[in-house]
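Examination of the molecular architecture
As a plain string of letters, each chain reads:
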Amino acid sequence: MVRSDLHQLILLSLGLATALFSACLGAHTLSVEGQGTVEIAPEYARIGASVSHTADSAAAAQATVDRVVTGLLAEINRLPVDPDTVDAGHINIQPKYRWNPRLETQELLGYEATRLLGFRLTSLDSLGETLQMLAEQGATAVQPPQYGSTLMDEARGRALAMAYEKAKRDALSLATAAGFTLGPPDTISTGSQRPAIVRATHRAAPAAMDAQVAPRYEPGQLSVSANVSVNFSASP
């Protein structure tokens, strides 16, 4: 009686192992990737600039950059900007040295003060005027504009949907070629969000240069991309 029960238990265990082994043989995974890109028009530009000056004393250097920045802020207030984004509070002061090879020592040249300012320009029609004003009114360095749009999140959502559809089409093509039936996705993952890239629409040389007219900038389109990795189940 005991031997018969043990025999049945062994057969049952073998049957379950065979069923599991068969299920593993019938389970397949197709790993695919997809990318989607959506282009939108930029709505605003983040402008950054700095003012630097070197003087015999730290106080004199700071006084000079503060005077220039005050004038720049007055001009910025006349532009179409978001007032909540105007920032000119960061200042850095450090001594400047020069190596004297004859005396083999560092010589103090003075103190350099640098003040940063930034703001969001809400109308790109004023971009050329803005950059020209910064250069003419004393900014010692102007960073390239950083373009943006309030539709960035929506554009990324559309790019993700496009990326998934492309990945699904590739998975379906692979499954059909292998003689499988494509199942639902097991896992879906996305890559890190990348900053939008400005795609120039066209470049045209100006017919004439006029020093009295600010240059006009056409930044083109913002290209928003997204990547997805999908694992699909497939069966014979």
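Source: prediction; values computed, not measured. (Residues numbered from 1 in each chain as written. Predicted model: local features only at pLDDT ≥ 70, side-chain atom pairs only at ≥ 80, totals over all residues. Heavy atoms only, no water.)

**A look at the overall build of the protein chain**
Our working definition: Secondary structure follows DSSP: runs of H or I at least 4 residues long count as helices, runs of E at least 2 residues long count as strands, and numbering of each begins at the N terminus. Throughout, exposure labels follow a simple rule: accessible area from a 1.4 Å probe, protein chains only, divided by the maximum for the residue type, with under 20% read as buried, over 50% as exposed, and the rest as partly exposed. Whether two residues touch is decided by their heavy atoms; if any such pair falls within 4.5 Å, the residues are in contact. The method behind every accessible area is Shrake-Rupley, applied with a 1.4 Å probe, and residues are considered shielded solely by the protein chains displayed.
Scanning the protein chain for helices and strands turns up 4 helices and 9 strands. Listing each helix as α and each strand as β along the protein chain from the N terminus yields α-β-β-α-β-β-α-β-β-α-β-β-β. Within the protein chain, the proportion of its 236 residues that are buried is 28%. In the protein chain, of all internal contacts separated by at least 6 residues, the share reaching a separation of at least 24 is 82%. Accessible surface, the protein chain: about 15,200 Å² in total, of which carbon and sulfur atoms supply 55%.

**Examining the pairing of strand S9 (residues 221–235)**
We count it as follows: Any two strands with at least two DSSP-identified bridges between them are counted as paired.
When strand S1 (residues 28–40) meets S9, the two strands line up antiparallel, connected through 13 bridges. Across the sheet, the residue bridging to Ser-31 is Asn-231, located in S9. Strand direction decides the pairing type here: strand S7 (residues 181–190) and S9, joined by 7 bridges, are antiparallel. Looking at S9, one finds that Thr-190 is bridged to Val-228.

**Observations concerning the packing of aromatic side chains**
The condition is simple: A pair of aromatic rings is counted whenever rings of Phe, Tyr or Trp (Trp by its six-membered ring) have centres within 6.5 Å, and the orientation is called stacked for planes under 30 degrees apart, edge-to-face for over 60 and tilted otherwise. Should the NZ of a Lys or the CZ of an Arg lie within 6 Å of a ring centre and within 35 degrees of the ring normal, that charge is described as sitting over the ring.
Within the structure shown, the criterion is met by 1 aromatic pair. A centroid spacing of 6.2 Å and a plane angle of 40 degrees characterise the contact between Tyr-164 and Phe-232, whose relative ring orientation is tilted. Note that Tyr-164 is positioned in helix H4 (residues 152–178) and Phe-232 in strand S9, a separation of 68 residues in sequence. Classification of Phe-232 by relative accessible area gives buried; the value is 1%. Taking NZ or CZ as reference, Arg-120 lies 4.1 Å from the ring centre of Tyr-44, over its face.

**A look at H4**
Quick note on the threshold: Helix span is expected to be 1.5 Å times the residue number reduced by one.
Spanning 27 residues, H4 covers 39 Å between terminal C-alpha atoms, matching the ideal 39 Å at 1.5 Å per step. Those residues of H4 that sit buried are Ala-155, Arg-156, Ala-159, Ala-163, Ala-167, Ala-171 and Ala-175. Among the residues trailing H4, Gly-179 stands out with phi positive, at a value near 80 degrees.

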